[in-house]
Amino acid sequence: MTDFAALGGPPAFAEPVHVGRPNIGDRDRLMERIGGAIDRRWLTNDGPLVREFEAELAAFVGAPHCIAICNGTVALEIALRAAGLSGEVIVSPFTFVATAHALQWQEITPVFCDVDRRTHNIDPARVEELITPRTTGILAVHLWGRPAPIAPLTEIADRHGLALLFDAAHAFGCSHRGRMIGTFGRAEVLSFHATKVVNAFEGGAIATADDAFAARARLMRNHGFADYDNVTHVGTNGKMSEVAAAMGLTSMESRDDFIGVNRSNYEAYRAALAGVEGLELLPFDETERCNWQYVVIEVDESARLTRDELQTVLWAENVLARRYFFPGCHRMEPYRSLFPDAAARLPETERLAARVLALPTGTSVGADEIATVADLIRRALMDGPRLRRELRAAS
Ligand code: T4K
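Residues numbered from 1 in each chain as written. Predicted model: local features only at pLDDT ≥ 70, side-chain atom pairs only at ≥ 80, totals over all residues. Heavy atoms only, no water.

Peer 1: I would appreciate a short explanation of the sheet that holds strand 2 (residues 88-91) in the present structure.
Peer 2: Where strands meet in a sheet, backbone hydrogen bonds hold them as pairs that are either parallel or antiparallel. With mixed pairing, seven strands are arranged side by side in an open sheet as 1-9-8-5-4-2-3. Of all strands in the sheet, those bounded by a partner on one side alone are strand 1 (65-69) and strand 3 (109-112). On average, each strand axis in the sheet is inclined to that of its neighbour by 25°, with strand direction left out of account. Of the strand pairs in this sheet, strand 1 and strand 9 (residues 204-208) are connected by five bridges, and their pairing is antiparallel. Opposite Cys66, over in strand 9, you have Ala207 as the bridge partner. Contacts between helix 6 (residues 150-160) and the sheet are confined to strand 4 (135-141) and strand 5 (163-167), with strand 5 contributing the most and set at about 150° to the helix. (Pairing = 2+ DSSP bridges. Helix = DSSP H or I, 4+ residues; strand = E, 2+ residues; numbered from the N terminus. Axes fitted to C-alpha atoms, helices over the stretch in contact; angles between N-to-C directions. Contact = heavy atoms within 4.5 Å.)

This is the structure we're talking about:
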């Protein structure tokens, strides 16, 4: 056995092993669909592939309306607008920065609410104390595909007359109490980015049961055009292209296979990492549907390396494990400058942002890679004191 690459040994992998390698479905079907779009000379603007993709999404999620959008971030922006939000919106800081940016981009103030240390989702017990006369809504994230506390948030939103929206970018294909994510709140926003379980290269969607909301979102997606020459609403260009929908449809056809691979990858990590001191693999509720898209470990104080030291060791081995979501939105600009005292109010977010590491999974990662990654983690933590000493001496 050679030494760790961080200490001069050869890396375990010759090529980088990424967290977000796209799942690729049936190439022939994809090319056929793209060819059809080219033959039709209909490339974007509510084309037939986009409509078919929307119908597939609506049937799968069980939402009356699924509006395909060019990406998840613009889908969030349009959903916030269609819900008429302004002033302040309560949101988790432990998320991809797009969640907060979608608010700030529209001059809505994101009010960061701390998360629950166990679920990593917004803590409903902390939401109410952040409501002010300027609050118009709550934007909750189903982080890692684990549903946000939907029932308590719904109760709080109803009692205070607030709109409740969900950032479901991680949760396509997941369920809560037997009901699919995409059917809760005023609307839910999905992402079909290349790194997601189902992808459209870039893509997103708004799922809602509210007819008027859906009609507004559709108008806003296409510059507010209700008809030729007739603009009835402020809007943007949130349209999905036919090429993106071709990928989305093809990806949907392999969805169950992708989820199956994610699940077996997760189980392989679980078996290989069992009993490693100071390390917890984030669990999922196995009584619900789950996309198993993120394999997330928490490295706690009893581990022999910090999360950052472990990441350094893994990166040297070409294992590009990611510190999702470090350092927390509240520590990124413009929020760091706008809310310099936020960290003190967000102890659980601070704690998690220092402990969490996402490991490579998806269809480009197989049993051998997982065995090697898990073995590296196990050996690194066992050899922690020596690694720490030598890494410090070298820096
Ligand atoms: N809300 C939440 C909670 C989200 O997580 C996201 C997106 C959004 C909203 C916004 O949805 P979109 O507007 O993106 O539809 C990546 C993704 O770009 C982003 O979509 C995703 N969340 C986030 C969690 O991950 P980065 O900054 O980590 O991307 P990057 O370029 O570092 O890529 C991640 C890994 O994937 C790298 O190791 C490289 C690998 N990769 C990436 C791409 C694009 C590939 O191997 N092939 C590829 O084609 O954000």
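So, next bit.
Peer 1: Sorry if this is basic, but what is going on with the state of the cysteines here?
Peer 2: Two cysteines whose sulfur atoms are joined by a covalent bond form what is called a disulfide. Under the criterion given, the structure shown has zero disulfides. Cys174 forms no disulfide, and the closest cysteine sulfur to it belongs to Cys290, at a distance of 5.0 Å. Among the residues examined, Cys174 registers a relative accessible area of 0% and is labelled buried. (Disulfide = S-S within 2.5 Å. Buried < 20%, exposed > 50% of the residue type's maximum accessible area, 1.4 Å probe, protein only.)

Peer 1: Can you walk me through the pairing of strand 8 (residues 187-191) in this structure?
Peer 2: Across a regular strand the side chains alternate sides, sitting on one face of the sheet and then on the other. Among the five residues of strand 8, five are classified as buried, and the element is accordingly described as predominantly covered. Every second residue of strand 8 is oriented toward a common face, with Ala187, Val189 and Ser191 on one face and Glu188 and Leu190 on the other, all of them buried. Pairing of strand 5 with strand 8, which is carried by three bridges, proceeds in the parallel orientation. Looking at strand 8, one finds that Asp167 is bridged to Val189. As defined by bridge partners, strand 8 adjoins strand 9 across four bridges and the pair is classed as antiparallel.

Peer 1: So what exactly am I meant to see when it comes to helix 3 (residues 72-82) here?
Peer 2: Note that an α-helix has 3.6 residues per turn; residues three or four places apart therefore point the same way. Of all the 11 residues making up helix 3, nine are buried; the element is thus mostly covered by neighbouring parts of the structure. Buried residues of helix 3: Gly72, Val74, Ala75, Leu76, Glu77, Ile78, Ala79, Leu80 and Ala82, and no others. With a side-chain oxygen positioned 3.0 Å from the backbone nitrogen of Thr73, the residue opening helix 3 is Asn71. Gly84, located one to two residues past helix 3, shows a positive phi value of around 70°. (Polar contact = N/O pair within 3.5 Å; in protein donor to acceptor, adjacent residues only side chain to side chain.)

Peer 1: What's the story with the side chain of Arg33 in this structure? I'm lost.
Peer 2: Within the element layout of this structure, Arg33 appears in helix 1 (residues 27-40). A polar contact is formed between the side chain of Arg33 and the side chain of Thr250, at a distance of 3.0 Å. Here Arg33 is in contact with Arg40, Leu49, Glu52, Ala246, Leu249, Thr250 and Glu253, once residues within four sequence places are set aside.

Peer 1: Explain the packing of aromatic side chains to me, please; I cannot follow it from the model alone.
Peer 2: Aromatic ring pairs are reported here in terms of the distance separating the ring centres and the angle at which the planes meet. Applying the stated criterion across every chain yields a total of 14 aromatic pairs. On the basis of an interplanar angle of 70° and a centroid distance of 5.3 Å, the ring pair of Phe53 and Phe192 is categorised as edge-to-face. Placement of the pair is Phe53 in helix 2 (residues 48-61) and Phe192 in the loop between strand 8 and strand 9, with a sequence separation of 139 residues. This pair shows no difference in class: Phe53 is buried, exactly as Phe192 is. Ring geometry for Phe112 and Phe339: centres 6.1 Å apart, planes at 90°, overall edge-to-face. Of the two residues, Phe112 is situated in strand 3 and Phe339 in the loop between helix 11 (335-338) and helix 12 (342-345); the sequence distance between them amounts to 227 residues. We classify Phe112 as buried; its relative accessible area is 1%. The class for Phe339 is partly exposed, based on a relative accessible area of 24%. (Phe/Tyr/Trp six-rings, centres within 6.5 Å; stacked < 30°, edge-to-face > 60°.)

Peer 1: What is the right way to read the environment of Pro48 from this model?
Peer 2: Relative to the assigned elements, Pro48 resides in helix 2. Exposure remark for Pro48: the relative accessible area of 38% places this residue in the partly exposed category. Separated by 194 residues in the primary sequence, Pro48 and Glu242 have C-alpha atoms spaced 7.7 Å apart. In contact with Pro48, not counting residues within four places along its chain, are Arg40, Trp42 and Glu242.

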